[in-house]
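# Structural description and commentary
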2 protein chains.
Amino acid sequence: MEHNISQAVIRRVPRYYRYLGELLENGVERISSKELSERMQVTASQIRQDLNNFGGFGQQGYGYNVQFLYDEIGKILGLTKVHNVALFGVGNLGAAIANYVSFEKLPFRMVGLFDADPEKKGKKISGIEIQMVDEFEEFIRKHRVDIAVLTLPKDAAMPVAEYLVEHGVRAFWNFAHVDLVVPKDVVVENVHLSDSLMQLSYNMTDS
Amino acid sequence: MEHNISQAVIRRVPRYYRYLGELLENGVERISSKELSERMQVTASQIRQDLNNFGGFGQQGYGYNVQFLYDEIGKILGLTKVHNVALFGVGNLGAAIANYVSFEKLPFRMVGLFDADPEKKGKKISGIEIQMVDEFEEFIRKHRVDIAVLTLPKDAAMPVAEYLVEHGVRAFWNFAHVDLVVPKDVVVENVHLSDSLMQLSYNMTDS
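Attention here is on the structure that accompanies the text. (Residues numbered from 1 in each chain as written. Chains lettered and ligands numbered in written order. Predicted model: local features only at pLDDT ≥ 70, side-chain atom pairs only at ≥ 80, totals over all residues. Heavy atoms only, no water.)

So, about the relation of the copies chain B and chain A. With an RMSD of 0.0 Å, chain B superimposes on chain A once it is rotated by 180 degrees and translated 0.0 Å along the axis. Read as a symmetry element, the transformation amounts to a two-fold axis. Same-surface contact between copies: 100% of interface residues of chain B are shared with the interface of chain A. (Least-squares fit on C-alpha atoms with pLDDT ≥ 70 in both. Contact = heavy atoms within 4.5 Å.)

The next subject is helix α4 (residues 66–76) of chain A. All names here are of chain A. Taken together, the buried positions of α4 are occupied by V66, L69, E72, I73, G74 and I76. Where α4 starts, the residue carrying a side-chain oxygen 3.1 Å from the main-chain nitrogen of Q67 turns out to be N65. Just downstream of α4, G78 is the residue with a positive phi angle, here 75 degrees. (Buried < 20%, exposed > 50% of the residue type's maximum accessible area, 1.4 Å probe, protein only. Helix = DSSP H or I, 4+ residues; strand = E, 2+ residues; numbered from the N terminus. Polar contact = N/O pair within 3.5 Å; in protein donor to acceptor, adjacent residues only side chain to side chain.)

What follows deals with the packing of helix α2 (residues 33–40) of chain B against helix α3 (residues 44–52) of chain B. Each pair of packed helices can be described by the angle between their axes along with the distance between the axes. Residue and element names in this part refer to chain B. Where α2 meets α3, the axes come as close as 8 Å, and the angle between the chain directions of the two elements is 110 degrees. Here α3 runs roughly perpendicular to α2, going by the angle between their axes. Only A44, I47, R48 and L51 of α3 make contact with α2, whose side of the interface consists of S33, K34, L36 and S37. Across the contact of α2 with α3, the residue classes break down as four nonpolar, two polar and two charged. (Axes fitted to C-alpha atoms, helices over the stretch in contact; angles between N-to-C directions. Parallel < 35°, antiparallel > 145°, perpendicular 65-115°, else oblique. Nonpolar A, V, L, I, M, F, W, Y, C, P; charged D, E, K, R; others polar.)

Structurally, the position occupied by D146 of chain B is in the loop between α6 (136–142) and β7 (147–150). For D146 of chain B, a relative accessible area of 17% puts it in the buried group. A polar contact is formed between the side chain of D146 of chain B and the backbone nitrogen of N84 of chain B, at a distance of 2.7 Å. Discounting chain neighbours no more than four positions away, the residues touching D146 of chain B are M204 of chain A together with V82, H83, N84 and A171 of chain B.

Our next topic: the packing of helix α1 (residues 7–25) of chain A against helix α3 (residues 44–52) of chain A. All names here are of chain A. Between α1 and α3, whose axes approach to 11 Å, the crossing angle comes to 100 degrees. Put simply, α1 runs roughly perpendicular to α3. Packed against α1, whose contacting residues are V9, R12 and Y16, the element α3 presents Q46, I47, D50 and L51 at the interface.

Let us look at the sheet that holds β7 of chain B. Residues and elements named next belong to chain B. The seven strands are arranged β5-β6-β4-β3-β7-β8-β9 in an open sheet whose pairing can be described as mixed. Of all strands in the sheet, those bounded by a partner on one side alone are β5 (124–125) and β9 (187–190). Bridge count between β7 and strand β8 (residues 171–174): three bridges; the pairing is parallel. Looking at β8, one finds that L150 is bridged to N174. This element, helix α7 (residues 154–166), spans β3 (83–88), β7 and β8 of the sheet and lies at about 170 degrees to β7. (Pairing = 2+ DSSP bridges.)

Listed by partner, the interface residues are 58 residues for chain B and 58 residues for chain A. Note on chain B versus chain A: buried area summed over both sides is about 5,300 Å², and carbon and sulfur give 61% of it. In this structure, the connection of chain B to chain A is made through eight salt bridges. With a shortest N-O distance of 3.7 Å, K154 of chain A and E22 of chain B are connected by a salt bridge. Across the contact surface, chain B and chain A share 24 residue pairs in polar contact (both at pLDDT 80 or more). Considering every element that reaches the side of chain B that touches chain A, the biggest residue donor is helix α8 (residues 193–206) of chain B, with 14 residues. Considered class by class, the residues forming the side of chain B that touches chain A number 29 nonpolar, 17 polar and 12 charged. (Buried area = accessible area lost by both parts, 1.4 Å probe. Salt bridge = Lys/Arg side-chain N within 4 Å of Asp/Glu carboxyl O.)

Quick look at a negative patch on the surface now. Residues and elements named next belong to chain A. A contiguous patch of negative charge, built from D134, E137, E162 and E166, is present on the exposed surface. Looking at where E137 falls in the secondary structure, it is placed in helix α6 (residues 136–142). Of the residues examined, E137 reaches a relative accessible area of 32% and is grouped as partly exposed. (Patch = residues over 30% accessible without salt bridge, like charges linked within 9 Å, V, L, I, M, F, W, Y side chains within 5 Å. Areas by Shrake-Rupley, 256 points an atom, 1.4 Å probe, with all protein chains shown as cover. Lys, Arg positive; Asp, Glu negative; His and termini not counted. Charge placed at Lys NZ, Arg CZ, Asp CG, Glu CD.)

Bringing the pattern of salt bridges into the picture now. For the structure shown, the criterion picks out 30 salt bridges over all chains. Put simply, R170 of chain B and D185 of chain B hold a salt bridge, and the shortest N to O gap is 3.1 Å. Of this pair, R170 of chain B sits in the loop between α7 and β8 while D185 of chain B is found in the loop between β8 and β9, placing the two residues 15 residues apart along the sequence. Note on D185 of chain B: relative accessible area 45%, which makes it partly exposed. One connected set of salt bridges, linked through shared partners, spans R15 and R18 of chain A together with D179 and D195 of chain B.

Here we come to the pairing of strand β3 (residues 83–88) of chain A. Residues and elements named next belong to chain A. The buried count for β3 comes to six of six residues, which makes it a mostly enclosed element. A two-sided burial pattern is seen for β3, the buried positions comprising H83, V85 and L87 on one face and N84, A86 and F88 on the other. Alignment of β3 against strand β4 (residues 108–115), held across six bridges, turns out to be parallel. The residue bridging F88 from the neighbouring strand is F114, located in β4. After leaving β3, the chain enters helix α5 (residues 92–103) and then returns to the sheet as β4, a path that is right-handed. Both β3 and strand β7 (residues 147–150) contribute to a ladder of four bridges, which runs parallel. The partner of L87 across the bridge, within β7, is V149. (Right-handed = clockwise from strand over helix to strand, strands pointing away.)

Residues and elements named next belong to chain A. Looking at where A176 falls in the secondary structure, it is placed in the loop between β8 (171–174) and β9 (187–190). For A176, a relative accessible area of 1% translates into the label buried. Separated by 18 residues in sequence, A176 and M158 place their C-alpha atoms 9.1 Å apart. Look past the residues within four positions of A176 in its chain and what remains in contact with it is L150, L152, A157 and H192.

In structure tokens form, the structure reads like this:
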């Protein structure tokens, strides 16, 4: 099994995982690259090339073992262990994302909710009490936190991120409209909603 | 001015727009590619190459005119006119996105909210009353809808998208965990939150 997979392939991998999961739900045990190709609207040769990265060598006239591929990709994506998630900024979007993470079938578990607004202190979302951001120091002494979600206003995101890095957070899921500047060993995945809307707007103009 | 810009460049453009907007807010009139490069953590030559697509030829020792570039990029992104947005699926995420679109400074205007749950009928979010999905036929006769946001469960997304395409919708901002199958002249921009979480998980495992 190969772990040096390019970011371009990795961008496509969650989609394979999603499709393979649906196939499993529907009781499909084997699938040819041709069938998968039609479902996913990707060329069959692209699929063969991508899945070879995961030891998913299909057999001529026999196809891929769906469960095997699903499990291998799950391992590579780090989905065989539970990731503890704490969220910072419990506004509308933050509350929605907290619920989303809690109800999603993936192995991510909300363990803490933090906000700067004292009026939110003690309120609950998905059964978790909102704490103040400066209580995090205390919190992380007792709980493992693998990922911090930032659903904060732009100006608050960077100071909070710095504070969290200082206290050992090594991965961010960032919804704030700002590119975080973090040490090299810290991982950031951005969801920039406004960038996505602009992209849509451009493609509308263009078509 | 060049309109045939590659999707790779276009993926980077909203970020330029965001940075240029911040510079304007801070009263910066001119900036060199070197300074912009340091802020954006992109090489200066990449910046020069990208911005040349927008007629933003910087002058040696003089730099880029921030307002000019901002305006040109805004035109190309289709941000000089208002886009009317209707949202389908007013759960937690839908409500958050509706608020987001309403408060964002970009020229997108929420004009309608639709849900399938009769208990939500008539409730208001950001001053807009929730209607039933099948009222959309009536609605679109009276209102222009440029973009449909889908914040629906996976299984509902495709039938609703088909219904909307039938009634003239030509652009989707899709948050549902499904790849929409739509006619060629219909534009789809996806925000797949679970794909993004998996990406993060992979990069954590990898580092």
